[in-house]
Amino acid sequence: MLEASGGYERPVMSALSEAGRQATCVNPRQAREFARATGRLAKSDRVDARVLAEMGRALQLVPGRPRSAERQRLADLTAHRTDISAMIVAEKNRLRTTQDQWIRRSISQHIKTLQASLAKVEAEMEAVIQEQADLRDQAVRLRQIKGIGPVVSATLIAQLPELGDLDRRRIAALAGLAPHANDSGHRRGKRRIWGGRGTIRRTLYLAALTASRFDPRFRAFKEHLLAAGKAKKLVIVACARKLLTVLNAMMRTGTTYQGAIS
């Protein structure tokens, strides 16, 4: 077992896979909470290694499925695209608050450079998908739904490889779209989503915004929830969870969008 550490764990996971060894990577927060739950407040490499070993045995964690080189490259490209997008947003925010004309020209030029880099990354993401038959088939199936375009499908393929392998509750939890109870005694708190893979949650939320406008089935689902008095943001989250459920069924059964919802 390893802890995720910002990508530094990837070479180790790859080496273990090439050597025929099975391994799984866990969220550092979960490992730390397990350590505290077992009374280990100290933190060192030796303590962490022992905690990870005990955590794997106690929770009976299943070894992760190794990514292919193509899927790993696609994951790196989608992460790079996310970084570039964040830089563009930051520079545009600076441009709105900067008065100095020289600085404004400099920021504008930087934004153009970043936008050109973004286009190149997106083109490379598509090239990776089109070069591999299995990735290409998955992308074609995912893009049958309005709201799932090249970027969204590439992100799902790269960063949610479990799609189609888990049931709807587990895949929702993995994507951070499962509502968690907040009850105590007679108190019934609001259910909230948290945890999971933030990139996937944000990606599906944006896809659900489009699907709930242009896809008849998702639009009807949204209007039904709005008519019931649900908050708009909660409705879009529900649409995102429904979208994930449909995509998961499509990938599991190999059916088309219409076949998955019939």
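Details of the structure are given in the entry above.
Residues numbered from 1 in each chain as written. Predicted model: local features only at pLDDT ≥ 70, side-chain atom pairs only at ≥ 80, totals over all residues. Heavy atoms only, no water.

Novice: What's the story with the pattern of salt bridges in this structure? I'm lost.
Specialist: A side chain with one charge can pair with a side chain of the opposite charge if their charged atoms come near. Here the structure, examined in full by the defined rule, presents eight salt bridges. Across the salt bridge formed by D48 and K43, the nearest N and O atoms sit 2.7 Å from each other. In this structure D48 comes out as buried when scored by relative accessible area, which is 13%. On the basis of relative accessible area, K43 is assigned to the exposed category, the value being 53%. E122 is the salt-bridge partner of R81, the closest N and O atoms lying 2.8 Å from each other. Pair noted here: R81 is in helix α4 (residues 69–97) and E122 is in helix α5 (residues 101–131), with a separation of 41 residues, a long-range link. Exposure remark for E122: the relative accessible area of 28% places this residue in the partly exposed category. Among the charged side chains, a salt-bridge network with shared partners connects R32, K43 and D48. (Salt bridge = Lys/Arg side-chain N within 4 Å of Asp/Glu carboxyl O. Buried < 20%, exposed > 50% of the residue type's maximum accessible area, 1.4 Å probe, protein only. Helix = DSSP H or I, 4+ residues; strand = E, 2+ residues; numbered from the N terminus.)

Novice: Just to check I follow, could you spell out α4 for this structure?
Specialist: Because each turn of an α-helix spans 3.6 residues, side chains separated by three or four positions in sequence point in the same direction. Its 29 residues place the ends of α4 43 Å apart at the C-alpha level, agreeing with the 42 Å of an ideal helix rising 1.5 Å per residue. Within the span of α4, buried status applies to R71, Q72, L74, A75, L77, T78, R81, I84, I88, E91 and L95. Residues of α4 that are buried make contact with α1 (10–18), α5, α6 (133–142) and α7 (150–159). (Expected span 1.5 Å × (residues − 1). Contact = heavy atoms within 4.5 Å.)

Novice: What is the right way to look at the packing of α6 against helix α11 (residues 232–253) in this model?
Specialist: A pair of packed helices can be characterised by two numbers: the angle between their axes and the separation between those axes. Put simply, α6 and α11 touch, their axes get as near as 10 Å, and they point 140 degrees apart. The pairing of α6 with α11 is recorded here as oblique in orientation. The way α6 lies across α11 gives a crossing that is right-handed. For the pair formed by α6 and α11, the contact residues are Q138, R141 and L142 on the first element and L247, M250 and M251 on the second. Grouping the constituent residues of the contact of α6 with α11 by class yields four nonpolar, one polar and one charged. (Axes fitted to C-alpha atoms, helices over the stretch in contact; angles between N-to-C directions. Parallel < 35°, antiparallel > 145°, perpendicular 65-115°, else oblique. Left-handed = near helix turned anticlockwise from the far one by under 90°. Nonpolar A, V, L, I, M, F, W, Y, C, P; charged D, E, K, R; others polar.)

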